[in-house]
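If you want the building blocks of each chain, they are given just below.
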Amino acid sequence: MSTLQKIISATTVVFLAGAACCENMSVVMVGNKVILESDVRAKMGEINKDYENALRELVVERMLVFQAEQEGIAATPEEVAFETARIKANFPDEQAFLEGLAKENLPYDIFVKKVEENIKSRKLVRKNITEKVQITIPEITAKMKELEEAGSSAYNVRMKWFEDEASAEAFFSGFDASKESDMSEVIKLSAGDIMPAVLAEIEKLSAGEISKPFKVGDRYLVVLLKDTVQGEKPDDYLLYNRAKIILQNTKFSQEFDRYLKELQGKIPVFYTN
């Protein structure tokens, strides 16, 4: 994936300029948001999935932006400027960034508009999902007991979460020993208690190897495998952290799915083809 494609994935930008007439036919209306044929084709390239899955992701993205605007959630000029500058920092200089946009026939104003929409979506998710995820001490205690009884293989890992793919890719591509300190403290995770998608990526790694960025929910994760251990009784502190992370991820996924169903029930979606 090119640097510009990473930026596009990070800000949910679609290529609206320079498309043929047939590519700019409206496919779906989500509230007052339009999804064009060219949008779907661009998303297919970004996520490397088929038409149906690409369209489904776009519908979700438009729903989040539409609902954010309905709730009066805005992106301040300062937030937009900060996010734009952060994305530009992935390029050698300003000229390289502008040349990348020009190469893809992507107007700068549309790029900025999508940055703004992405900020609105993140605020909506934080307000209506993340801030509602609560974990009690009894839940953590129960999960700790469950993890301890499992007694399966465990992985000592460091992790780093990113809000977008561009930042994750920039960290991964420039990773060396000096950047390890930017990741979380070493956490011991039992194989039986890691989300299947995360475990699949960890199992590809050898000790000392870092994973490529992969999507978990609405964020991106990079994992550094320190080593693998067998049958050891976890330290209580590490066990607590493991239990808390697992519960947070599980509850966030459940709440995110619930919220999407809620939006699907009240935001009109019209398929034009």
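Asks: Describe in detail empty space enclosed by the protein, supporting the description with residues and values.
Replies: This structure, assessed with the given rule, holds two cavities of 30 Å³ or more. The calculated volume of the largest cavity comes to roughly 90 Å³. Around the largest cavity sit M159, W161, L189, D193, I194, M195, V198, L221, I245, I246 and N249, which together line it. If you list the elements that add at least two residues to the lining of the largest cavity, you get β3 (154–162) and α10 (236–266). For the lining of the largest cavity, the element with the highest residue contribution is α10, accounting for three residues. Residues of the lining of the largest cavity, tallied by class, amount to nine nonpolar, one polar and one charged.

Asks: Could you give an account of the packing of helix α6 (residues 108–128) against α10, with specific residues and numbers?
Replies: Two elements in contact, α6 and α10, have axes separated by 11 Å at closest approach and are oriented at 110 degrees. When the axis of α6 is compared with that of α10, the two are roughly perpendicular. The residues of α10 that touch α6, namely those facing L124, V125 and N128, are F252, E255, F256, R258 and Y259. Looking at side-chain class alone, the contact of α6 with α10 contains five nonpolar, one polar and two charged residues.

Asks: Just give me the short version of the packing of aromatic side chains, but keep the residues and values in it.
Replies: Following the criterion strictly, the structure yields seven aromatic pairs and no others. Relative to F111, the ring of Y108 lies with its centre 6.0 Å away and its plane at 45 degrees, an arrangement referred to as tilted. A residue pair is termed a helical-turn pair when its members lie 3 or 4 positions apart in one helix, as Y108 and F111 do in helix α6 at three residues. Using a relative accessible area of 34% as the deciding quantity, one classes Y108 as partly exposed. Of note, K160 hangs over the ring of F171, and the distance from its end group to the ring centre comes to 5.8 Å. Seen from the ring of W161, R219 lies directly overhead, with NZ or CZ sitting 4.3 Å from the centre.

Asks: Can you explain helix α4 (residues 77–88)? Please cite residues and give values.
Replies: Under the 1.5 Å per step criterion, the end-to-end length of α4 is 16 Å for twelve residues, consistent within 8% with the ideal 16 Å. Those residues of α4 that sit buried are V80, E83, T84, I87 and K88. In an axial view of α4, the angular spread of the buried residues amounts to 135 degrees, which keeps them on one side of the axis. Exposed side of α4, more than 90 degrees from the buried face: E78 and F82 are the residues found there.

Rules and cut-offs
Residues numbered from 1 in each chain as written. Predicted model: local features only at pLDDT ≥ 70, side-chain atom pairs only at ≥ 80, totals over all residues. Heavy atoms only, no water. 1 Å grid on protein atoms, 1.4 Å probe; cavity = no way out; pocket = protein on both sides within 12 Å on 5 of 7 lines; lining within 4 Å. Points joined across faces, edges and corners; volume = space filled by probe spheres on them. Helix = DSSP H or I, 4+ residues; strand = E, 2+ residues; numbered from the N terminus. Nonpolar A, V, L, I, M, F, W, Y, C, P; charged D, E, K, R; others polar. Axes fitted to C-alpha atoms, helices over the stretch in contact; angles between N-to-C directions. Parallel < 35°, antiparallel > 145°, perpendicular 65-115°, else oblique. Contact = heavy atoms within 4.5 Å. Phe/Tyr/Trp six-rings, centres within 6.5 Å; stacked < 30°, edge-to-face > 60°. Buried < 20%, exposed > 50% of the residue type's maximum accessible area, 1.4 Å probe, protein only. Lys NZ or Arg CZ within 6 Å of the ring centre and 35° of its normal. Expected span 1.5 Å × (residues − 1). Arc of directions from axis to C-beta.

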